[in-house]
Amino acid sequence: MPRLSNATLAQLPAAIGRPNYDRAALTTGIVHLGIGAFHRAHQAVYTDGLLADDPRWGILGVSLRSPDTRDALAPQNGLYSVSVTDGDGARRQVIGALTGLMVAPENPADLVARLADPAVRIVSTTVTEKGYSHDPATGALREDDADIRHDLLNLERPHTTIGAIVSGLERRRAAGGAPFTVLACDNLPDNGHTLRGLVIRFAELRDPDLGKWIADEVRFPSTMVDRIVPATTDADRASVAAALGLDDAWPVMTEPFTQWVIEDDFGLGRPAWDRFGTQFVHDVAPYELMKLRLLNGSHSTLAYLGYLMGRETVADAMSEPGLCRLIEEMMRLEVSPTLAAMQNFDLAGYRASLLARFRNPALRHRTWQIAMDGSQKLPQRLLGTIRERLAQGAPIDRLALGVAAWMRYVTGRDEKGQPIDVRDPLAARLRALAGEAGPAAPRLARALLSVSEIFGADLPNDPRFVTPVEVALDRLFAHGARAAIDHALATAATR
Ligand code: CS2
């Protein structure tokens, strides 16, 4: 079968959407760091819609690690398809917004040169939580990280996201030009402000004047991004090829829902993303908190408990009546009361739409995929909510079961004794701690709670947190996830 590319675009069946603009006229106004499936189903789709009116916002997609995306898409002239599906067939569209693809480690100096180009007005990121080189519990830059140390000394060839951004800004400043706006699009609380703090800290370590210039001149709007985009499978590739009549080496599959909330604070202008449903607001923080705690907190809980129950996908996990009820109760009774700033928003409607999205049978979103990088995710998905509940003197039984399920999961053995492929930057340390502690719940809980990058200094010393986690973990070992859920449903407080 022929491959999707500029040359074959005209062969697409009429029902497949495609660029309504002249791709040859595009210029690069955005450099995106972290060109994974999420960006390609989210920001790139919003941007694609407006390129007919404003061709200056083409996107250079950068991978900070693997060449896979570039290798898949470069032979397709950067074209790829997005399939939107919720079970009743799929709506498909070919996106042409990528003006190029780059693999940073192959030529880091080239990346810096592209960032220095005055035509680039926005540098956006989806580099995942661990891409921020920070301590997830405190938000501080990990100054002893080997790659950060490398970048401080060799800024013209950066390894890290923070190093690349500062390197590009340093060059812009040296040339007397205006800085680009940095647009963080990762699932972190106050992502723009968090990234700003890390960039300024790094810049100060390198050159205090540069740090001051960045603090004064560079904008870092925060955003809330939302669209569920599971990893693409070979079965997806086959169904996409059948529908397109062309091979697409890396299509992306997603759901109908999409949301983007952004602070309108751009130094050199921005695309008219609002024409395509993006909300521009003064303060994103309450939206981001709502999304992280309700959606991502539920996702992680579903992932750990669902995986332990042998459920492969989120939709499979949602077909467990007990787990589904636990998630509904956790969101309504334990999480929603912490979202004080959103009390005028239709939180009940938002929760109902999340449950429906999690049930989408067409998305094969693996529990194992969401379970990845728990050490980086837990703080903002579950632990922040727990801290606030404790401060209010409120119970946390369901949230504690989610934390205990993570502990059970990172031991690396499932309920049948089979190995679990735990992917996490701290995986080796977590496994070693679990190995030393053994499966006795209180010892294991204590050992894992000592990882201060995750739990901070406060939670491990608060019996109102430690006790319910230990009890839930004990039940997970003794009776398994299904029984632990049933017990929580029967006994958890209903306030
Ligand atoms: C998921 C998110 O993989 C994960 O950890 O919770 O990627 C989730 O699908 C997105 O945040 C949805 O917007």
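Residues numbered from 1 in each chain as written. Predicted model: local features only at pLDDT ≥ 70, side-chain atom pairs only at ≥ 80, totals over all residues. Heavy atoms only, no water.

1. Quick word on unusual backbone geometry
For Asn-77, which is not a glycine, the phi torsion comes out positive at approximately 55 degrees. Along the chain, Asn-77 turns up in the loop between helix H3 (68-73) and strand E3 (80-85). The backbone of Asp-190 sits at a positive phi, close to 50 degrees, despite the residue not being glycine. Mapped onto the secondary structure, Asp-190 falls in the loop between strand E7 (181-184) and helix H7 (191-206). (Helix = DSSP H or I, 4+ residues; strand = E, 2+ residues; numbered from the N terminus.)

2. Things to note about the pairing of strand E2 (residues 58-63)
Across the six residues that make up E2, a large majority, six, are buried. Because side chains alternate across E2, one face comprises the buried residues Gly-58, Leu-60 and Val-62, and the other comprises Ile-59, Gly-61 and Ser-63, equally buried. (Buried < 20%, exposed > 50% of the residue type's maximum accessible area, 1.4 Å probe, protein only.)

3. Some thoughts on the packing of aromatic side chains
Under the counting rule described, the total for this entry stands at nine aromatic pairs. With a centroid separation of 4.6 Å and an interplanar angle of 50 degrees, the aromatic rings of Trp-260 and Trp-273 are classed as tilted. Placement of the pair is Trp-260 in strand E10 (residues 259-263) and Trp-273 in the loop between E10 and strand E11 (279-281), with a sequence separation of 13 residues. The two residues Trp-260 and Trp-273 agree in class, both being buried. By the ring-pair criterion, three or more aromatic residues cluster together here, those being Tyr-46, Trp-260, Phe-266, Trp-273 and Phe-280. Lying over the aromatic face of Phe-280, Arg-270 brings its terminal NZ or CZ to 3.6 Å of the ring centre. (Phe/Tyr/Trp six-rings, centres within 6.5 Å; stacked < 30°, edge-to-face > 60°. Lys NZ or Arg CZ within 6 Å of the ring centre and 35° of its normal.)

4. Focus on the sheet that holds E3
The three strands are arranged E4-E3-E9 in an open sheet whose pairing can be described as mixed. Only two strands of the sheet have a single neighbouring strand rather than two, namely strand E4 (90-95) and strand E9 (252-254). Mean inter-strand twist for the sheet, computed between neighbouring axes without regard to direction, equals 20 degrees. On the sheet, helix H9 (residues 234-244) packs against E3, E4 and E9 and is oriented at approximately 80 degrees with respect to E4. (Pairing = 2+ DSSP bridges. Axes fitted to C-alpha atoms, helices over the stretch in contact; angles between N-to-C directions. Contact = heavy atoms within 4.5 Å.)

5. Observations concerning helix H5 (residues 146-153)
Within H5, burial applies to Ile-148, His-150 and Asp-151. The buried residues of H5 occupy an angular sector of 160 degrees when the element is viewed end-on, so they sit on one face. Set apart from the buried face of H5 by more than 90 degrees, the exposed residues are Ala-146 and Leu-153. Looking at the buried residues of H5, the elements they touch are helix H6 (161-174) and H7. The opening residue of H5, the one whose side-chain oxygen lies 3.1 Å from the backbone nitrogen of Asp-147, is Asp-145. (Arc of directions from axis to C-beta. Polar contact = N/O pair within 3.5 Å; in protein donor to acceptor, adjacent residues only side chain to side chain.)

So, to be careful, I would describe these as geometric facts and stop short of saying anything about function.
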